[in-house]
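Commentary on secondary and tertiary structure
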Amino acid sequence: MSVTGPAGFRAAGVAAGIKAAGARDLALVVNDGPQQSAAGVFTTNKVKAAPVLWSQQVLQERKLRAIVLNSGCANACTGPGGFQDTHATAEKVADVLGTGAIEVAVCSTGLIGERLPMDALLPGVDTAAKALDAGEQSGLDAATAVLTTDSKAKQAHRAHENGWSIGGFAKGAGMLAPNMATMLSVITTDVMISGADLDEALRAATRVTFDRLDVDGGTSTNDTVLVMASGASGVEASQEEFTALLTTVCQDLVRQLQDDAEGATKTIDITVRGAVSEADAVTIGRIVAEDNLVKTAMFGSDPNWGRIAMALGRAQVEIDVDKVEIATNGVTLYADGATARDRSEADLSGRQIEIVIDLHLGEHAATILSTDLSHDYVEENSAYSS
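How each quantity is defined
Residues numbered from 1 in each chain as written. Predicted model: local features only at pLDDT ≥ 70, side-chain atom pairs only at ≥ 80, totals over all residues. Heavy atoms only, no water. UniProt positions renumbered as here; feature names shortened; annotations may be inferred. 1 Å grid on protein atoms, 1.4 Å probe; cavity = no way out; pocket = protein on both sides within 12 Å on 5 of 7 lines; lining within 4 Å. Points joined across faces, edges and corners; volume = space filled by probe spheres on them. Helix = DSSP H or I, 4+ residues; strand = E, 2+ residues; numbered from the N terminus. Domains from an automatic or database assignment. Contact = heavy atoms within 4.5 Å. Buried area = accessible area lost by both parts, 1.4 Å probe. Salt bridge = Lys/Arg side-chain N within 4 Å of Asp/Glu carboxyl O. Axes fitted to C-alpha atoms, helices over the stretch in contact; angles between N-to-C directions. Parallel < 35°, antiparallel > 145°, perpendicular 65-115°, else oblique. Left-handed = near helix turned anticlockwise from the far one by under 90°. Nonpolar A, V, L, I, M, F, W, Y, C, P; charged D, E, K, R; others polar. Buried < 20%, exposed > 50% of the residue type's maximum accessible area, 1.4 Å probe, protein only. Pairing = 2+ DSSP bridges.

The protein chain is annotated in an unreviewed UniProt entry as Arginine biosynthesis bifunctional protein ArgJ from Saccharopolyspora terrae. Quoted verbatim from the Sequence similarities (unreviewed entry) heading of the UniProt record, the comment on the protein chain is "Belongs to the ArgJ family." Here is the UniProt Subcellular location (unreviewed entry) comment for the protein chain, exactly as written: "Cytoplasm".

Taken as a whole and judged by the stated rule, the model has 1 cavity of 30 Å³ or more. Contributing to the lining of the largest cavity are Leu-26, Val-68, Leu-69, Asn-70, Thr-89, Val-106, Cys-107, Leu-116 and Leu-121. Of all the secondary structure elements, the ones that give two or more residues to the lining of the largest cavity are strand 4 (66–71) and strand 5 (104–109). Sort the elements by how many residues they give to the lining of the largest cavity and strand 4 lands first, with 3 residues.

Of note, the bond from Gly-33 into Pro-34 is cis; its omega dihedral lies within 30 degrees of zero at 20°. Tracing the sequence through the fold places Pro-34 in the loop between strand 2 (26–31) and strand 3 (37–42). A positive phi angle, near 60°, is found at Cys-77, a position not held by glycine. Within the element layout of this structure, Cys-77 appears in the loop between strand 4 and helix 2 (79–97). In the Ramachandran plot, His-360 falls in the positive-phi region, its phi being about 55° despite a non-glycine side chain. Tracing the chain through its elements places His-360 in the loop between strand 14 (352–358) and strand 15 (364–371).

Turning to the domain arrangement of the protein chain, a few remarks are in order. You can read the domains of the protein chain as domain 1 (9–260) and domain 2 (267–381). Between domain 1 and domain 2, the contact holds 16 residues from the first and 18 residues from the second. Counting the surface lost from both domain 1 and domain 2, the interface buries some 1400 Å², and carbon and sulfur atoms represent 39% of this. Considering only the surface of domain 1 that becomes buried against domain 2, Arg-212, Asp-214 and Gln-258 emerge as the three largest contributors, covering 48% of it. The interface formed by domain 1 and domain 2 holds 5 salt bridges in total. Ionic pairing is found between Arg-212 and Glu-278, a salt bridge with its closest N-O pair at 2.9 Å. Take the side of domain 1 that touches domain 2: its biggest share by element is 5 residues, from helix 6 (residues 239–259).

Attention now moves to the UniProt feature "binding site: substrate" (unreviewed entry) in the protein chain. Within this numbering scheme, the UniProt entry marks Thr-148, Lys-171, Thr-182, Glu-262, Asn-381 and Ser-386 as carrying the feature "binding site: substrate" (unreviewed entry). Locating Asn-381 in the fold gives a position in helix 10 (residues 375–382).

Let's shift gears to the packing of helix 2 against helix 3 (residues 118–131). The interhelical angle for the contact between helix 2 and helix 3, taken along N-to-C directions, is 25°, at an axis separation of 10 Å. Looking at the two axes, helix 2 sits roughly parallel to helix 3. Considering only the axes of helix 2 and helix 3, their crossing is right-handed. Packed against helix 2, whose contacting residues are Asp-85, Ala-88, Thr-89, Lys-92, Val-93 and Val-96, the element helix 3 presents Met-118, Leu-121, Leu-122, Val-125, Asp-126 and Ala-129 at the interface. Each residue belonging to the contact of helix 2 with helix 3 can be placed in one class, and the counts come to 8 nonpolar, 1 polar and 3 charged.

Before going further, it helps to spend a moment on the pairing of strand 14. Both faces of the sheet carry side chains from a regular strand, because those side chains alternate between them. Taken across its 7 residues, strand 14 has 5 buried, putting it largely inside the fold. Bridge analysis of strand 10 (residues 267–275) against strand 14 gives 7 bridges, and the strand direction is parallel. Paired with Thr-267 across the strands is Gln-352, a residue of strand 14. Across 4 bridges, the pairing between strand 11 (residues 325–328) and strand 14 is antiparallel. The residue bridging Thr-328 from the neighbouring strand is Ile-355, located in strand 14.

Further remarks concern the pattern of salt bridges. Within the structure shown, the criterion is met by 21 salt bridges. Two residues, Asp-199 and Arg-62, come together in a salt bridge whose shortest N-O distance is 3.6 Å. Residue Asp-199 is found in helix 5 (residues 195–207), and its partner Arg-62 is found in the loop between helix 1 (50–58) and strand 4; the two are separated by 137 residues along the sequence. On the basis of relative accessibility, which here comes to 12%, the residue Asp-199 falls in the buried class. Here the salt bridges share partners, and the residues they tie into one network are Arg-10, Asp-32 and Arg-65.

For the pair helix 5 and helix 6, interaxial distance at closest approach is 9 Å and the crossing angle is 45°. The orientation of helix 5 relative to helix 6 falls into the category oblique. For the crossing formed where helix 5 meets helix 6, the hand is right-handed. Here helix 5 contributes Asp-197, Leu-198, Glu-200, Ala-201, Leu-202, Ala-204 and Ala-205 to the contact with helix 6, which in turn contributes Gln-239, Phe-242, Thr-243, Leu-246, Thr-247 and Cys-250. Along the lines of polarity and charge, the residues of the contact of helix 5 with helix 6 split into 8 nonpolar, 3 polar and 2 charged.

Overall, mixed pairing links the 6 strands, which are arranged 13-12-11-14-10-15 in an open sheet. Strands with a single pairing partner mark the edges of an open sheet, and in this sheet they are strand 13 (338–339) and strand 15. The strands touched by helix 7 (residues 278–290) are strand 10, strand 14 and strand 15; relative to strand 15, the strand with the most contacts, the crossing angle is about 20°.

This is how it looks when you write it as structure tokens:
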């Protein structure tokens, strides 16, 4: 179950003809209320796609009736015409739902630089509206319609014992390096909550989940995470309870994104602890995650701590080399400025790899999720535009 798990939501995913192969490529998620609170976080890339610019505007009201998403075309770097296409898409959704365009967010994903095929997209909105349903299959259809290089749909749902729940889907397999956010994700909840509280909870949750995934250092032009609240459960929750469950759902989705990353043969968790600040821990973790020499070593199941030491040493943060410890899969290989144990003692033959870097300088820690750099990643991305 995903976005249709919480009460008050319907969804659809259809083939509108945006993708040449005829796969599902248009999703619609509708909030039937009684509340229509909403919040969103977006890419910090300075090159923002038209749908990001549009959705940032409409989210200023922290209210949404619907979200329309397409795959197969990013509608990024398409100038004023691309923004007009996004506006027209929102107007079309608003027309079929009997609402205003200011209550419709738009998301797109796919190849950068091409205009949307509006002659396919607009009729597709009609088709999606007719297919709207609150069933589990409709949620899966919507989650499937946003996929690009993903191999499978990514969904999550958690129910609270007090009778409300949170559900969501996400897409993303490459160009994953958030500084909030990465990928496209839609999250729904039937809890009663204001737009301001929803925004606060989303930012707290994404900071330690979506913002900690770094597959390849590429922050997308289209990254968007949106959450809508219907209030249909009639139940209020404390801000702490809601944020905690939202964080759990986001973490579930992030783990699925990590596992399905383009060409990944290894999932790598990089934990940096003992830092003087959380920001320092994040900075080091991200530098190690993005280092190609580290990533290729992991692909080769090589516990090459020297590459990890080299990478973390590039971080513009406080480090005492003689205090640093580096461990892979539970084996401390580097400590006190020198080799601690033979690298052959660390077994990296499995899919999951854990790198732990202890700076022994403070009390702060952070974990960055990443993957290896494989032949398949290079091959897939070299052929993507074809």
